[in-house]
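Chain residues, written in single-letter form:
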Amino acid sequence: MSSNLIIVESPAKAKTIEKFLGKDYKVKSSFGHIRNLVKKNFGIDIDNNYKPKYEVLADKREIVAELRDEVKNSTSILLASDEDREGEAIAWHLWEVLKLNKKNTKRIVFNEITKPAIKKAVANPRNINLDLVNSQQARRVLDRLVGFKLSAVLWKKVKSKLSAGRVQSVAVKLLVEREREIIDFKPVSSYKITAIFEAVDINGDVKKIETELSKRFDNEQEAVDFINKTGKSLHTVKSIVKKPAKKSPSPPFTTSSLQQEASRKLNFPVLKTMRVAQKLYEAGKITYMRTDSVNLSETSQKNIKEEILKEFGNKYYKKRNYKTKVKGAQEAHEAIRPTYIKNKSAGKDNDERRLYELIRNRTIASQMSNAEFERTVIKINISNNELYYSVVGEVLIFDGFLRVYSYAGGERKTVFLPKLKVGQKVDLEQIDAIEKFTKHQPRYTEASLVRKLEELGIGRPSTYAPTISTIQNRGYVIKENREGQEREYIHIKYNNVKIKKYKKKEIFGAEKSKLFPTDVAMVVTDFLSDNFNNIMNYNFTADVEKEFDDIADGKLVWYEMIDKFYKDFHTKVEDTIKNADRNTGERILGKDSKTGKQIMVRIGKYGPIVQLGVPEDKDKPIFASISKEYHIETINLKEALGVLNNSSNGRLLGKDPKTGREIYVRFARYGAVVQIGKAGDKEKPKFASLLKGMKIDKITLEEALELLKLPRDVGMYESKKVVVAIGRYGPYIRHDSKFTSLKKEDNPLTVSLERAIILIEQKREKDRKNIIKEFKEDETVKIIKDRWGRTCIVQNKKYYNIKDIKNPEKLTLKKCLALIEKMSGGTNNKKPTRKKKK
């Protein structure tokens, strides 16, 4: 029997540690926190130095009982939760709930799960650090008080079921301010002048050079005047300047920089990055993934050096020590790095492998030499003008760290320039003047919001991902792609003979995976900024983080810090509830020309609405939900009338020529639809969703009739019908009780049988590639990779997840049936699906 018990917070972590310590140690998991604040009275005794009141979580009672039994049978207990403040708090809660004592209980910490690190930690135990516990407790208490109190105010003054928080409300404010900058932005046009020259290089070869003028012109006339004036001028090489340039590698990853780079390079949301990194850490593949330090230990630097010298040679190595620029960073911690740098790949699935390789490459690159370039600038003189053309060429001389790690924006483009002489004549071939427009500040992505929060000192590595997840889950922010708009621009071309003017079109403003604040977010931000300016102040939130750091360092008493804040805050809450005006973002837009009734916009019970009429009118007011393409602070009277017309019964498009039934377009619960008939007709109304790109205010009767033909039969294949339709997730083909999604370029209204057959066969081929093993003895059972890359046994369309089983291709039918039998009683027999957002 094991007399030594180690308690960690994760079963995967427990499994890895148990391998290193052998039979003398038993490793059990608490599965995260075992206690939380009670909900009654905020779970805080305000009159007793803000003492928190905790309760064991309902789903952890059995785990706690099991751990109590293990403690009774153990002579020594080691609490080995993570090394940060959250981990220290978990250890303290275990101490309190399990009623452990100092004689046989100690705390151990490590920042990597490797055999040497674990053995070193076991050999050097310590007591629980109550300063770290108090820092986490202060954060928890302050966030509970601020969150619960502000949420209560919002329920009374804005809208029910709203929430607020010390960090989340400030994060939303950043998004709202950026959105308003974009709304107020007015693009300014100018004309960019480029020219193509022909020149004879020193070898006698004719080369072309693409150049840009040193000035942009404000309007079309200025651009045309310049071309007329200089088109026949003499052009000569004014100067040729060659300069060496260097690029240094970035430091190894912190939590924030890993989230940003994984977003840019791997397209991972921040929550996914942390989930995958957690798995790698618990499997012993990387160091602890919640850190704001860029330090590397001496041992790891030595190992990295050996790897660089072995793989690339001495020329590529350069020892570097980095210092973080982040406010309040804990330099005692270490950057995120592989535990064994020699392992070029690690992880159970593709996501883990990709993230591991990103971390490894960044770590190795941080200790490599600079990349060296030669930059050449050629300027071309215009004989009768003070302006000049120029072109920059760049050639990579030595790749250095770029050998393993490229820039976030991709690899630098090599631009070769011909070898010319100063004073040499060059021949003008073409001039282009293209109208360009200024761009607004980009909307935030998850990664860029993390970077901004870090710059301002708001939050800590462990809070970035939960904060971004919370503001999306609570309806303040939508993360999505949005299509761009079309606009016209002018292109003037001079071909050394005459000037031609063209009007062209371009798409601008397209957004991919950006964060958009909702109308509710804007109204709530305004209300909180007006009434709780200190909490919405970026410096206040950053200063609070500094005070948490002081508590962790033993420089500040946690409940005194809370008390200093709470008394004024509580008074302000009471005053706001009593005296502040209700704020629903209400705007009166004008009157309806037909009825004379007032039209306004505001936040209603279920979100932003247009309201026709007021309660004092004889008839009840009419309401219509506002779609996300409008904001209540920018929508105008005409647009609001359009929203009202497209709601309820909708806008009448005309009549079906065959049946005479009326056809409408309107907003339904899940988006815009066309509808034939009304409720109460003999025949039930029929609906069809609008296709992507169709606008509710521009759809025609002909388009509506085509949509109402769906689902449509396109023919027969293998003696079975092929049907095209639109479902919840977009257009699809149904054949033989199986479904195949249409591609973006396929139009469900026009797709042919031949095209449908191609897509069906492509789907079958893809499914065949996902089959790991089939059994001739029983064709209903097979082992496959599901759509998310997980290994599953499938029997009669039921999925059994076996992602943790190594070498699934070696499983026999008997073993598969045994696994199905074992799992069929639990929840693991359901087809894997993503969790639905609430």
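Not measured: the values here are computed from a predicted model. (Residues numbered from 1 in each chain as written. Predicted model: local features only at pLDDT ≥ 70, side-chain atom pairs only at ≥ 80, totals over all residues. Heavy atoms only, no water.)

Remarks on the packing of aromatic side chains
Which entries qualify depends on this criterion: Each aromatic pair joins two rings of Phe, Tyr and Trp (for Trp, the six-membered one) with centres within 6.5 Å, and gets the label stacked for planes under 30 degrees apart, edge-to-face for over 60, and tilted for any other angle. Where helices and strands are cited, they refer to DSSP runs of H or I of at least four residues and of E of at least two residues respectively, numbered from the N terminus. Only protein chains enter the area calculation, which uses a 1.4 Å probe; residues under 20% of their type maximum are buried, those over 50% are exposed, and those in between are partly exposed.
This model, assessed by the stated rule, comprises 14 aromatic pairs. Ring centres of Phe 197 and Tyr 389 lie 5.4 Å apart, and the angle between their planes is 70 degrees; this geometry places the pair in the edge-to-face category. Placement of Phe 197 in strand 9 (residues 189-200) and of Tyr 389 in strand 13 (residues 385-398) is noted, with a sequence separation of 192 residues between them. Side by side, Phe 197 and Tyr 389 carry an identical accessibility label, which is buried. Ring geometry for Tyr 566 against Phe 569: centres 6.5 Å apart, planes inclined by 55 degrees, an arrangement best described as tilted.

Points about the sheet that holds strand 27 (residues 712-717)
Stated precisely, the cut-off is as follows: At least two bridges found by DSSP between two strands is the condition for calling them paired. Helix axes are fitted only over the stretch in contact, all axes being lines through C-alpha atoms; the angle between N-to-C directions runs from 0 to 180 degrees. Two residues qualify as a contact provided that any one of their heavy atoms is within 4.5 Å of a heavy atom in the partner residue.
Within the open sheet, the four strands sit side by side as 27-28-29-30. Their pairing is antiparallel. In the strand order of this sheet, the two ends are held by strand 27 and strand 30 (738-741), each with one partner. Going from strand to strand, the sheet's axes swing by 30 degrees on average, the running direction of each strand aside. Taken together, the six bridges between strand 28 (residues 720-727) and strand 29 (residues 730-735) define a ladder with antiparallel strand orientation. Paired with Ala 725 across the two strands is Tyr 732, which belongs to strand 29. Relative to strand 27, helix 19 (residues 753-769) is tilted by about 65 degrees, and along the sheet it contacts strand 27, strand 28, strand 29 and strand 30.

Focus: the sheet that holds strand 8 (residues 105-107)
Pairing is parallel in the open sheet, where four strands are placed in the order 2-1-7-8. Of all the strands in the sheet, just strand 2 (25-29) and strand 8 have a single pairing partner and so form its edges. The sheet shows a mean angle of 25 degrees between the axes of neighbouring strands, taken without regard to direction. The sheet contact formed by strand 1 (residues 4-8) and strand 7 (residues 76-79) spans four bridges and is parallel. Residue pairing in the sheet places Leu 5 in a bridge with Ile 77 of strand 7. On the sheet, helix 1 (residues 11-21) packs against strand 1 and strand 2 and is oriented at approximately 175 degrees with respect to strand 2. Sitting on the sheet, helix 3 (residues 85-97) is in contact with strand 1, strand 7 and strand 8, with an inclination near 170 degrees to strand 8.

Things to note about the environment of Asp 351
Tracing the backbone shows Asp 351 in helix 11 (residues 350-365). C-alpha separation for the pair Asp 351 and Ala 277, spaced 74 residues apart in sequence, amounts to 9.6 Å. Among residues more than four places away in sequence, those in contact with Asp 351 are Phe 268, Lys 272 and Val 276.

Brief notes about helix 13 (residues 464-473)
In terms of burial, helix 13 is a largely internal element, seven of the ten residues being buried. Those residues of helix 13 lying buried are Tyr 464, Ala 465, Thr 467, Ile 468, Ser 469, Ile 471 and Gln 472. Close packing links the buried residues of helix 13 with helix 6 (168-184), helix 8 (255-266), helix 9 (270-282), helix 12 (446-456), strand 15 (477-482) and strand 18 (511-517). Following helix 13 by one or two positions, Gly 475 adopts a phi angle in the positive range, close to 80 degrees.

Overview of the pairing of strand 32 (residues 781-785)
Across three bridges, the pairing between strand 31 (residues 771-774) and strand 32 is antiparallel. Residue pairing for strand 32: Glu 774 is matched across the bridge by Lys 782. Between the antiparallel neighbours strand 31 and strand 32 lie six residues. Here strand 32 pairs with strand 33 (residues 791-795) via five bridges, running antiparallel. Considered in strand 33, the bridge of Lys 782 is made with Val 794. Following strand 32, the chain reverses through five residues before pairing antiparallel with strand 33; Gly 789 in that reversal takes a positive phi of roughly 85 degrees.

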